[in-house]
Amino acid sequence: MTEPSHSSFNISPHNNAPDSGALDVLVTCPKGIEALLADEMTTLGATPVKTTVAGVYATASHADAYRLCLWSRLANRVIVQLSRNAMIETPEQIRAAASRLDWAQHLSEGATLAVDFHGRSEHIRHTLFGAQTVKDGIVESLGRAGRERPRVDNKAPDVQIYAHLHRRNLTLGIDLAGESLHRRGYRRDVGHAPLKENLAAALLVRAGWPERAKAGEPLVDPLCGAGTLLIEAALMAADQAPGLHRRRFGFHGWAQFRPAAWQELAREARARASIGRKLCKSAFYGFDQSPAALAAARANAMRAGIPALLTLKGEGVAALDSTSVEAKGPGLVITNPPYGERLGELPELVSLYATIGEQAKALFPGWTLALFTGNPDLGHRLGLRAHRQYALKNGPLDAKLLLMAIDQADRDERQAPEAQKAAGKGESGPKSAAPVAENAQMFANRLRKNRRRLKKWLKQSGERCYRLYDADMPEYALAVDVYGDRVHVQEYAPPRTVNPAQAQKRLFDALETLPRVLAVSPQHIYVKRRERQAGKAQYEKRAASGERFEVAEGRARLWVNLRDYLDTGLFLDHRPVRRMLGEMATGKRFLNLFCYTASATVHAALGGAAESVSVDMSNTYLDWARDNFALNGLDRARHRTIRADCIEWLETAGTEFDLIFMDPPTFSNSKKMRSSLDVQRDHARLIALAMARLAPGGTLVFSNNQRRFKLDEAVSERYAVDDISGRTFDPDFARSTGLHHVFLVRHAAGEKATDDKEESWA
């Protein structure tokens, strides 16, 4: 938690003596809910004096301070401030300030303590050192009072000391909460990405739930997870103190603790909870697809003492229908869906948010939807206008609570002829297609047009891995590749002239459109950002899912991974080149340089290559290559892999090959290489080294993806060179014929090729 900055209160060292009626307290909370906390503190008997970042200063009696700990749904800690000291920097000054306080008034004989120190100065750079320094001052104070040295217990102290150093001001106090008040004691099974209890309570307050609960309105969380929002809402509706089931607070070990006042508060809270659960009129519904999350929600509700108030069902958002919620509205739909912190999570989330909006319109007209998200752009996919927005923090993340009224008009809009027409085509996605932006509709139309254009070729070739769309429209700068029933989307980084927010909106439009047009599950859409890469950055790992699957390309069977790397293990634009190598390889000794996952070697081997060698520097991709060999039943003794710098290997290799394929990266500055590689600068040398290993009558197939590549004239003068680039693009890359360059290079000694298939490419 970020500690609050302090105002210039003048707190004397002894103003909280045992006979003092009022305590000066600082109550801390998550950022963004300070005003709510101040209002809550007033209802609980405290008198707020000043709000600050993540906290409220106030005065309170002992009983009111205990009541804050027991009843505050929003606070983290309740600190009794004992002193505030200015111009504090050095360890000696901190120790002296702590020593001046009469700690014997606050620590009973034999009580254990822990110091929770926050802040730093030029001389105090570590919180443990700061805590040790404060503790030394406390020991000195107790020593003057004739008391023994106290024992430190950092896990379960009797008294927790608060120390905060900020801008040379040192505040010392007693933490009456002990463990943070957001920990109610009911949540042991937290599920995935749990929402803190006091933040959940703040969301409910902002959504007007306390007033709605008094009216007996129902509440629904369609993505309930471990049930935090549901449980906090039920505790409010049942008038149950959030701290009722906590066994201990920090004030229990305080020497000034007044047991009688506490026992009366606890008795009253138990009575109110018993009556409140019986009188509660609201119904609470939680839905989640995860059995583990629902099990956690049930266990948490049991520990919170309100299991009978909750109805929990194992249904996803899209599966909800008119029978899912029996209670009649109006009511509150409140949820905290995933935010999509990683680009690869977006396809599912764009569809999820759209589905939430569609289901809200269909099932809950007249209700209010409260959605808490760290990605407000995803919130826009709901198709509902927020009439209020609240900026909050969820841990370190900036987030917003969006409040939206679901009108009957929204439900009627859902039945528009356009939506009915789209649904009639059997397109997948939400139960009924929402109206889409004009540009998004143009994108959808282009996808359909491209599918029609490729339909005949796909049927004849049998290919199931192909490029469907490649930035055909400037507004949607994406490459969309189909791998069977999965889709790989690469977003080209927008130029600086394009508004990033507009670019993201269009990406979301595309991700909402793709499942509908291609009839593919959002779970099978993978998104990456394609930018200029240095070295072999395109091969670097982005994730570690290990999620790979088999695809077929002609006779070859190959492993691809759409999630973990920028590239997938199969360069689709080189498909005709791999096919050509398979036709040329019969009976040949084949060499594959910069082999990547060796898909070209698989084609050559299946085409009848007598033997092969595949060279690359990456162990990861050579392992992938060997898995591809195993998938195709290739003999590893005849088809070898070598881990080496291709340039160094060519300089020392003594073997000749009849067919060589070399497809170097455009640029590489890998630490594994002796020097950097620039294909435009270095290709003449690369070709010369490869030609030294090429047997008479053999062919080097030299390829690269440098769009502005120009072959060095010296290469053409020394060797017989044929530029076949224009003939190495299948129909799916007809619009991108500058994507790669391919040359057949032979020794210029008049040798006549003996392979008719090879002649057909020359």
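Quick note: structure is the one above.
Thresholds applied
- Residues numbered from 1 in each chain as written.
- Predicted model: local features only at pLDDT ≥ 70, side-chain atom pairs only at ≥ 80, totals over all residues.
- Heavy atoms only, no water.
- Helix = DSSP H or I, 4+ residues; strand = E, 2+ residues; numbered from the N terminus.
- Contact = heavy atoms within 4.5 Å.
- Areas by Shrake-Rupley, 256 points an atom, 1.4 Å probe, with all protein chains shown as cover.
- Salt bridge = Lys/Arg side-chain N within 4 Å of Asp/Glu carboxyl O.
- 1 Å grid on protein atoms, 1.4 Å probe; cavity = no way out; pocket = protein on both sides within 12 Å on 5 of 7 lines; lining within 4 Å.
- Points joined across faces, edges and corners; volume = space filled by probe spheres on them.
- Nonpolar A, V, L, I, M, F, W, Y, C, P; charged D, E, K, R; others polar.
- Pairing = 2+ DSSP bridges.
- Axes fitted to C-alpha atoms, helices over the stretch in contact; angles between N-to-C directions.
- Polar contact = N/O pair within 3.5 Å; in protein donor to acceptor, adjacent residues only side chain to side chain.
- Phe/Tyr/Trp six-rings, centres within 6.5 Å; stacked < 30°, edge-to-face > 60°.
- Lys NZ or Arg CZ within 6 Å of the ring centre and 35° of its normal.

Novice: Can you explain the overall build of the chain? Please cite residues and give values.
Specialist: Counting secondary structure elements, the chain contains 22 helices and 29 strands. A separation threshold of at least 6 residues defines the contact pool for the chain, and within that pool the share at least 24 residues apart is 73%. Accessible area for the chain stands at about 33,100 Å²; split by element, carbon and sulfur atoms hold 48% of it.

Novice: So what about the pattern of salt bridges? Which residues, and what values?
Specialist: If you walk through the whole model with that rule in mind, you get 38 salt bridges. Asp509 is the partner of Arg381 in a salt bridge, and the nearest nitrogen-oxygen pair spans 2.6 Å. With Arg381 in the loop between α11 (376-379) and β13 (388-394) and Asp509 in helix α15 (residues 500-518), this pair connects stretches of sequence that are 128 residues apart.

Novice: So what about empty space enclosed by the protein? Which residues, and what values?
Specialist: As enumerated under the stated definition, the model contains seven cavities of 30 Å³ or more in all. Taken together, the residues of the lining of the largest cavity sort by class into eight nonpolar, four polar and two charged.

Novice: A description of the sheet that holds strand β21 (residues 589-593) should follow, citing residues and the corresponding values.
Specialist: The strand order across the open sheet built from seven strands is β23-β22-β21-β24-β27-β29-β28, with neighbouring strands paired in mixed fashion. Bordering the open sheet on either side are β23 (639-643) and β28 (719-723), each of which pairs with just one other strand. Adjacent strand axes in the sheet meet at a mean angle of 15° when their direction is disregarded. Note that β28 and strand β29 (residues 741-747) share five bridges and pair antiparallel. Of the residues in β29, the one forming a bridge with Ala720 is Arg746. Seen against the sheet, helix α18 (residues 619-631) touches β22 (611-616) and β23 and runs at an angle of roughly 175° to β23.

Novice: Quick rundown of the side chain of Asp64? Include the residues and the values.
Specialist: One can find Asp64 in helix α2 (residues 62-71). Among the polar contacts made by the side chain of Asp64, one reaches the side chain of Arg67 at a distance of 2.6 Å. In this view, Asp64 contacts Leu44, Gly45 and Ala46; residues no more than four positions away in its chain are not counted.

Novice: Outline the packing of aromatic side chains, supporting the account with residue identities and numerical values.
Specialist: Across all of its chains, the model carries 20 aromatic pairs by this definition. The ring of Phe549 carries the charged tip of Arg486 above its face, separated from the ring centre by 4.1 Å. The ring of Trp559 carries the charged tip of Arg548 above its face, separated from the ring centre by 4.3 Å.

Novice: Report on the sheet that holds strand β7 (residues 169-175), specifying residues and quantitative values.
Specialist: If you trace the seven strands from one edge of the open sheet to the other, you get β2-β3-β1-β4-β7-β6-β5, paired in mixed fashion. Lying at the two open borders of the sheet, with one neighbouring strand each, are β2 (47-52) and β5 (113-119). Going from strand to strand, the sheet's axes swing by 30° on average, the running direction of each strand aside. Of the pairings in the sheet, the one linking strand β1 (residues 23-28) to strand β4 (residues 77-85) comprises four bridges and is antiparallel in character. Each residue of the ladder has a partner; that of Leu26, found in β4, is Ile79. Each of β4, β5, β6 (159-166) and β7 touches helix α3 (residues 91-100); the most contacted strand, β7, lies at about 45° to it.

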